[in-house]
Amino acid sequence: VLEEVAAASNVFACGDEVEHRVMHWCERRKPFQESMLASKPALFKLRKEVRAAIKTLTVAEEAMIEVDSVVAGNDLLLMLTLEDFDRECDDIFDCIPALIQQVVQEAGLGFPEEMVLVGGATRILSVQKKIGRIAGLHSASVKKTVDLDRAVSQGLATVCAVVFDPPALRVPFRPTRPLVELPRRTPPSQVA
């Protein structure tokens, strides 16, 4: 049986806050007077492009934020570098070490030998560096090769197996092996 031993979160260290910071960065650097943050259609367009830029920065050093006719017929074209992004959001990412320490202390099991990063903010390079520094202090390895879809499906399968059919649970999962469909079981109520 699997059991959650500890969890921690910080509502101010989430994707929405990061997007908010980058949108304000765009507002300060726009080449026109009209505010993009005061218009709902402009906010929608800007948020879409900011999300794409943040995703691009997980694999590149710079990302273009380009919004046609964002407000009052004005076009927005800005280059967001990884350095600018880190400078804008560094204080948000600074809470990560404290969250990790909190979870380790609450769990009472010592520091893990391996940390698996799956999706979300863990795709951001500066977040990976901060987690890597913490892991290095405790001789732990950081694994970034787990496929997000596979991790979600395995997590969901584990929860369902624990709740509905514990004998069907086989641990450990092998993330490199393809998923195998198990034969369907006939529920006890349908056996003649």
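Note that the structure is predicted; figures quoted are calculated from it, not measured.

Peer 1: Describe in detail the nonpolar core, supporting the description with residues and values.
Peer 2: Of all hydrophobic cores here, the largest spans 38 residues; its most connected members are Cys26, Met36, Ile65, Leu76, Phe85 and Phe93. Where this core is concerned, the elements lending two or more residues are α1 (15-29), α2 (40-56), β1 (62-71), β2 (74-81), α3 (82-93), α4 (96-107) and α5 (125-137). Setting aside its immediate chain neighbours within four residues, Met36 contacts Cys26, Glu27, Lys30, Ala42, Leu43, Leu46, Val70, Val71 and Leu76.

Peer 1: Describe the environment of Cys89, listing the residues and the values that go with them.
Peer 2: Within the element layout of this structure, Cys89 appears in helix α3. With 72 residues separating them in the primary sequence, Cys89 and Glu17 have C-alpha atoms 8.7 Å apart.

Peer 1: Talk me through the packing of α1 against α3; I want residue IDs and the actual numbers.
Peer 2: Packed helix pairs are characterised by how far apart their axes lie and by the angle those axes make with each other. Between α1 and α3, the least distance of the axes is 10 Å, while the angle of their chain directions is 140°. Relative to α3, the element α1 is oriented oblique. The way α1 lies across α3 gives a crossing that is right-handed. Residues Glu17, Val18, Arg21, Val22, Trp25 and Arg28 of α1 form the contact with α3, whose participating residues are Asp84, Phe85, Glu88, Cys89, Asp91, Ile92 and Phe93. Across the contact of α1 with α3, the residue classes tally to 7 nonpolar, no polar and 6 charged.

Peer 1: Tell me about the pairing of β2, and please be specific about residues and values.
Peer 2: Where β1 and β2 come together, 7 bridges link them in antiparallel fashion. Following the sheet pairing, Met64 is matched in β2 by Met79. Count of turn residues in the β1/β2 antiparallel hairpin: 2 residues, of which Ala72 carries a positive phi of about 50°.

Peer 1: Which residues make up the environment of Val104, and what values do they have?
Peer 2: Inspection of the secondary structure puts Val104 in helix α4. Spatially, the C-alpha atom of Val104 lies 9.8 Å from that of Ala8, the residues being 96 residues apart in sequence. For Val104, the contacting residues outside a window of four places in its chain are Leu109, Gly110, Phe111 and Pro112.

Peer 1: Got a sec to walk through a nonpolar patch on the surface? Specific residues and values, please.
Peer 2: A cluster of nonpolar side chains, contributed by Met64, Leu77 and Met79, occupies part of the molecular surface with about 270 Å² of accessible area. Inspection of the secondary structure assignment puts Met64 in strand β1. Take Met64: its relative accessible area is 39%, and that puts it in the partly exposed class.

Peer 1: I'd love a proper account of the pattern of salt bridges, names of residues and values included.
Peer 2: Opposite charge on two side chains makes pairing possible when the charged atoms of those side chains draw close. Evaluation of the coordinates by the stated rule reveals 10 salt bridges. Across the salt bridge formed by Asp90 and Lys130, the nearest N and O atoms sit 3.5 Å from each other. One end of the pair, Asp90, is in helix α3; the other, Lys130, is in helix α5, with 40 residues separating them in the sequence. Three or more residues joined by partner-sharing salt bridges are found here, namely Glu17, Arg21 and Asp91.

Reading the values: the criteria
Residues numbered from 1 in each chain as written. Predicted model: local features only at pLDDT ≥ 70, side-chain atom pairs only at ≥ 80, totals over all residues. Heavy atoms only, no water. Core = buried A, V, L, I, M, F, W, Y, C linked by side-chain atoms within 4.5 Å. Buried < 20%, exposed > 50% of the residue type's maximum accessible area, 1.4 Å probe, protein only. Helix = DSSP H or I, 4+ residues; strand = E, 2+ residues; numbered from the N terminus. Contact = heavy atoms within 4.5 Å. Axes fitted to C-alpha atoms, helices over the stretch in contact; angles between N-to-C directions. Parallel < 35°, antiparallel > 145°, perpendicular 65-115°, else oblique. Left-handed = near helix turned anticlockwise from the far one by under 90°. Nonpolar A, V, L, I, M, F, W, Y, C, P; charged D, E, K, R; others polar. Pairing = 2+ DSSP bridges. Patch = residues over 30% accessible without salt bridge, like charges linked within 9 Å, V, L, I, M, F, W, Y side chains within 5 Å. Areas by Shrake-Rupley, 256 points an atom, 1.4 Å probe, with all protein chains shown as cover. Salt bridge = Lys/Arg side-chain N within 4 Å of Asp/Glu carboxyl O.

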